[in-house]
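# Examination of the molecular architecture
Chain residues, written in single-letter form:
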Amino acid sequence: MSDPKKGTGKKPKGSGRRLYTDENPKDTVSVEFSSAAAIKRTLAKKSFKAKSHKRQSQIINLIHQRARAAYKNAKDPKVKARLKRAFEYAEERKEASKRKTKRMQKSKNENMIQSMIMQEIQAFIDEKKKKKKKKKSKRKKAGTESSKESSLRDWFGRKGAKGKKKGWVDCNAPDGKGGYKSCGRSGGEKRKKYPACRPTPAACRERGKGKSWGKKAAKKKKNESVDLNVERLIVEEFQKVLFKPGLLHHVENNIPVTENIYRPGSPCFFNVIKQARDFYNKGLYEAKSDEERDLLENSQLGEWVIVEGERVPLDFPLFIDEILDEAKKKKKKDPPLNKPSRNSGSGKKYKVFVRNPKTGKVKKITYGDSKGGLKGGWNDPAARKSFAARHKCAQKKDKTKPGYWACRAHKDFGPGVGRFW
């Protein structure tokens, strides 16, 4: 089929066109491809940015093919070099457009999977509700046996089940024929279970007062447990398929997103919280604390808005302020490190706080004899040299040992001493 002279804005049925066309003048974007700068101008136009991704891809493909053809046909070395740069830039943009198409397709597939998963979950829940409603209806029907009486006296005044004995039945003693044995035992008869007497067999299907009896009740509890396990397994499998590695790590290690494993302000930091909120709203992610629930329900952390042409994260400054406040509190608790001072308590004369590199904990070190030391000879070079030789000060490099600081006491506390020894 030949293409029509006047276009409709859509690809005609049977047309072999694969490139961007200007069939609809309102949908036209004038393109340039003579240089990399010209291509950038084209792709920066508002008319181009307003198009859908599919239409933008068509325009980029057109620019790429035209730049390639112009580059191959150019004879002048300068023109050919300019067109080569234009062609390479167009190729970069084409590859970037392909990557975006793949991401959009992946996102579309994930949304389809999510939709299927939600349908499966909803069907599973609806089936459970249906069964529960059916059982409830059966219990209600059986309950009419006992609800016919308005008082306990009427209940015990029932004549009992029809039959030869016309007495009550023992619900814990089935007769093997679909009925129950009489509540009263014959002479010498023994029963395995404690009697559960009711006026009629229909009343045996009712619940007891806060309790249930018989094999059916035990089977029901087991089935409920199985249903819960199945539901949990389904959710876990869906999480493995849908969750990104960061959020899946949080789930598998039971870490709330309020204790984000990524650096605050990084793309992964925001993505984990955004994903957690999306899946929380869909019922596939469970908040582990009230703080996390508040973050997912009442904040917009992880979302972005455009303010004066720039993307700005929502609620992020408040979150950072909380982190900084916690850091400040923690910092205030730690004493000043590597700053010797006089020891006001009993024992040694001086003290200093250092951090143990192996454990990361702060350690207090006390040193200096309170009654002696180099107090009288700090300004005497010979005395300092003798002290350093006796204590081997040149070899002491471990800040977690008292000897290291004792060798430097005259510099830390001695007036006018400009060197260690």
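Above this text sits the structure in question.
So, here is what we can say about the structure in this document. (Residues numbered from 1 in each chain as written. Predicted model: local features only at pLDDT ≥ 70, side-chain atom pairs only at ≥ 80, totals over all residues. Heavy atoms only, no water.)

## Description of the overall build of the protein chain
Helix and strand counts for the protein chain stand at 13 helices and eight strands. The burial tally for the protein chain puts 29% of its 421 residues in the buried class. Partitioning the contacts of the protein chain with sequence separation of at least 6, the portion at a separation of at least 24 is 46%. (Helix = DSSP H or I, 4+ residues; strand = E, 2+ residues; numbered from the N terminus. Buried < 20%, exposed > 50% of the residue type's maximum accessible area, 1.4 Å probe, protein only. Contact = heavy atoms within 4.5 Å.)

## Overview of the state of the cysteines
In a disulfide, the sulfur atoms of two cysteines are held together by a covalent bond. Under the defined criterion, the tally for this structure stands at two disulfides. A sulfur-sulfur distance of 1.6 Å marks the disulfide that ties C183 to C197. Residues C183 and C197 are joined through a disulfide that is right-handed, its torsion about the S-S bond being 70°. Here the residue C183 occupies a position in the loop between β2 (180-182) and β3 (197-198), and C197 occupies one in strand β3, the gap between them amounting to 14 residues. On the basis of relative accessibility, which here comes to 22%, the residue C183 falls in the partly exposed class. Here C197 falls in the buried class, since its relative accessible area comes to 18%. Note on cysteine connectivity: C393 is disulfide-linked to C407, with sulfurs 2.1 Å apart. (Disulfide = S-S within 2.5 Å.)

## Here's the deal with the environment of E291
With respect to the helices and strands, the residue E291 is situated in helix α9 (residues 290-298). We classify E291 as exposed; its relative accessible area is 56%. Considering only alpha carbons, one finds E291 and V257, 34 residues apart in sequence, at a separation of 9.8 Å.

## Brief notes about the pairing of strand β8 (residues 362-367)
The pairing of strand β7 (residues 350-355) with β8 spans six bridges and is antiparallel. For R355, the partnering residue across the bridge sits in β8 and is V362. (Pairing = 2+ DSSP bridges.)

## A look at the pattern of salt bridges
Across all of its chains, the model carries four salt bridges by this definition. With a shortest N-O distance of 3.2 Å, R41 and E32 are connected by a salt bridge. Under the relative-accessibility criterion, E32 is labelled partly exposed at 30%. (Salt bridge = Lys/Arg side-chain N within 4 Å of Asp/Glu carboxyl O.)

## Topic: the sheet that holds strand β6 (residues 341-342)
Taking strand neighbours across the sheet as the criterion, the three strands line up as β6-β7-β8 in an open arrangement whose pairing is antiparallel. Whereas interior strands pair on both sides, the edge strands pair on one side only; in this sheet they are β6 and β8. With two bridges connecting them, β6 and β7 associate as antiparallel partners. In the strand pairing of β7, S341 is matched with K351.

## Considering the nonpolar core
Among the nonpolar cores identified, the biggest contains 21 residues, and F243, L247, V257, F279, L284, Y285 and L301 are the most heavily contacted of them. Contact partners of F243, with chain neighbours within four places excluded, come to F238, L248, V251, F279, L284 and Y285. (Core = buried A, V, L, I, M, F, W, Y, C linked by side-chain atoms within 4.5 Å.)

## Describing helix α11 (residues 381-391)
Of the positions making up α11, those classed as buried are R384, F387 and A388. Buried positions in α11, seen along its axis, are confined to an arc of 95° and lie on one side of it. α11 presents A382, K385, A389 and R390 as exposed residues on the side facing more than 90 degrees away from its buried surface. Those residues of α11 hidden inside the fold are in contact with α12 (402-406) and α13 (409-413). Following α11 by one or two positions, K392 has its phi on the positive side, about 55°. (Arc of directions from axis to C-beta.)

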